[in-house]
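# Coordinate analysis (summary)
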Amino acid sequence: ATPLLVTAEVILEIVIPLLMADLIDYGIDRGEMNAVVKYGLALLISALIELTVGALAGRTAASASAGFAANLRDDAYDSVQKYSFSNIDRFSTASIVTRLPTDVTNVQSAYQMIIRMAFRGPLMMIFALIVCFRINVQISLVFLICIPVLAVLLYLIMTKAHPLFTRVFATYDRLNNVVQEDLRGIRVVKSFCREDHEKKKFGGISEKIYTDFSKAEKLLAFNMPLMQLCMYACMLLIAWFGARAIVASGNDPALGLTTGQLMSLITSAMQILTSLMMLSMVFVMIT
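It should be emphasised that the depicted structure is a prediction, and the values quoted were computed from it without experimental measurement. (Residues numbered from 1 in each chain as written. Predicted model: local features only at pLDDT ≥ 70, side-chain atom pairs only at ≥ 80, totals over all residues. Heavy atoms only, no water.)

Each helix and strand in the protein chain was counted, giving 9 helices and 0 strands. Counting from the amino terminus, the protein chain carries its helices and strands in the arrangement α-α-α-α-α-α-α-α-α. By the compact-globule yardstick of 19 Å for 287 residues, the protein chain is too spread out, its C-alpha radius of gyration being 27 Å. Intrachain contacts of the protein chain at a sequence separation of at least 6 include 82% that bridge at least 24 residues. (Helix = DSSP H or I, 4+ residues; strand = E, 2+ residues; numbered from the N terminus. Rg over C-alpha atoms; globule rule 2.2 N^0.38 Å. Contact = heavy atoms within 4.5 Å.)

With that out of the way, let us pick up the side chain of S46. You can see S46 is positioned in helix α2 (residues 33-81). By relative accessible area, S46 is classed as buried at 10%. Beyond its immediate stretch of four places on either side in the chain, S46 contacts L12, I16 and L19. (Buried < 20%, exposed > 50% of the residue type's maximum accessible area, 1.4 Å probe, protein only.)

Let us now look at the packing of aromatic side chains. Counted according to the given criterion, the structure contains 2 aromatic pairs. Ring centres 5.6 Å apart and planes at 85 degrees place the aromatic pair F165 and F213 in the edge-to-face group. Separated by 48 residues along the polypeptide, F165 in helix α5 (residues 137-184) and F213 in helix α7 (residues 195-220) bring together distant segments of the chain. Residue placement shows K38 over the ring face of Y39; its charged tip is 5.0 Å from the ring centre. (Phe/Tyr/Trp six-rings, centres within 6.5 Å; stacked < 30°, edge-to-face > 60°. Lys NZ or Arg CZ within 6 Å of the ring centre and 35° of its normal.)

Moving on, we get to the environment of L44. Following the sequence through the fold, L44 ends up in helix α2. A relative accessible area of 48% means that L44 is categorised as partly exposed.

Next up on the list: the environment of R174. Relative to the helices and strands, R174 is located in helix α5. For R174, the residues in contact, after removing those within four places along its chain, are I205 and K208.

Interaxial distance between helix α1 (residues 2-28) and α2 falls to 8 Å at its minimum, and their mutual angle equals 165 degrees. Taken together, the axis directions place α1 and α2 in an arrangement best described as roughly antiparallel. At the point where α1 passes α2, the crossing takes the left-handed sense. Residues belonging to the contact of α1 with α2 are distributed by class as follows: 21 nonpolar, 6 polar and 4 charged. (Axes fitted to C-alpha atoms, helices over the stretch in contact; angles between N-to-C directions. Parallel < 35°, antiparallel > 145°, perpendicular 65-115°, else oblique. Left-handed = near helix turned anticlockwise from the far one by under 90°. Nonpolar A, V, L, I, M, F, W, Y, C, P; charged D, E, K, R; others polar.)

Below, the discussion takes up the nonpolar core. A general tendency of soluble globular proteins is for nonpolar side chains to be buried together. Counting 44 residues, the largest nonpolar core has F143, L257 and I272 as its most contacted members. At the level of elements, α1, α2, α4 (93-135), α5, α7, α8 (223-249) and α9 (259-286) are the ones that each hand at least two residues to this core. Looking at this core, the element that brings in the most residues is α5, giving 12 residues. L19, L23, Y39 and L43 belong to the second-largest nonpolar core, a separate cluster that totals 6 residues. (Core = buried A, V, L, I, M, F, W, Y, C linked by side-chain atoms within 4.5 Å.)

Taking 1.5 Å of rise per residue, the 26 residues of α7 would be expected to cover 38 Å, and the 37 Å separating its terminal C-alpha atoms lies within 8% of that figure. Within α7, the full set of buried residues consists of E198, I205, I209, D212, S214, A216 and L220. (Expected span 1.5 Å × (residues − 1).)

It is worth spelling out the pattern of salt bridges at this point. Throughout the structure, instances matching the rule amount to 5 salt bridges. As a salt-bridge pair, R120 and E13 come within 2.4 Å of each other at their nearest N and O atoms. With R120 in helix α4 and E13 in helix α1, the pair connects residues that are 107 residues apart, well separated along the chain. The burial state of R120 is the same as that of E13; both residues are buried. Among the charged side chains, a network of salt bridges with common partners joins E9, E13 and R120. (Salt bridge = Lys/Arg side-chain N within 4 Å of Asp/Glu carboxyl O.)

Of note, I49 is situated in helix α2. It is 59 Å that separates the C-alpha atoms of I49 and E198, two residues lying 149 residues apart in sequence.

Moving on, we come to the side chain of R120. You can call R120 buried: its relative accessible area is 11%. Excluding anything up to four places from it in sequence, R120 contacts V6, E9, V10, E13 and M278.

The subject of this paragraph is a nonpolar patch on the surface. Together, M33, V37, L41, L44, I45, L48, I49 and L51 make up a nonpolar patch on the protein surface, roughly 800 Å² of accessible area in all. Positionally, L48 belongs in helix α2. (Patch = residues over 30% accessible without salt bridge, like charges linked within 9 Å, V, L, I, M, F, W, Y side chains within 5 Å. Areas by Shrake-Rupley, 256 points an atom, 1.4 Å probe, with all protein chains shown as cover.)

Below, the structure is given as structure tokens:
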């Protein structure tokens, strides 16, 4: 249900900028009040339907991901009950404790993003690109330069961050193991005055997690500045070339570009770049 609702939401979101362009070109610029009312009502109805569909998509996505996580957690727990002692020793209790709550929650979040945001992002980008190229092919070529550059840079960030996250989750198991040993043998620790030693052992592993995790997060922090750099570069280029096209055509659609079409182009640019930002967030979660 979620992908179907998301598709409807995307279609409505693409239609709204086109209605806005018509509202400006055929209503406001010409001083036609009837056209303003007609396109204004169409905009309002489209926005309300999009809001409803989007809320339903969020509800179904949350329900599906929570159910998926519950089933996964149950099956994983049942699987642990069937392990032999050698298997439990190989996986270690600390590792199993990490897998069941923490990893399942991460998988739940990633799954919810995949069925909603990862589905919405490519659809939004494809539909918005089609609209842009239908309005003006020359100005829309800006996206064909920006998108590959952004994709390559995001790929480099992900490839650098992924090994660090893999190492962090392995270190989490060691941290759990130290805590379990300390709690089980707390009487022995206190009897032999080993508190300082245990604190140093815990502190060393905790420091390693902090170092690796902060390094990975610093890499991922480049994600947003890159997105914004590309987004505003596109906006500036579209505004620059669009304004020149409007002046050259005298705001005549037959000759070039109108004010409403330029506004529609800028809105579509925001939609394309927002969809890319969504995809980058999904990639971060999957990583």
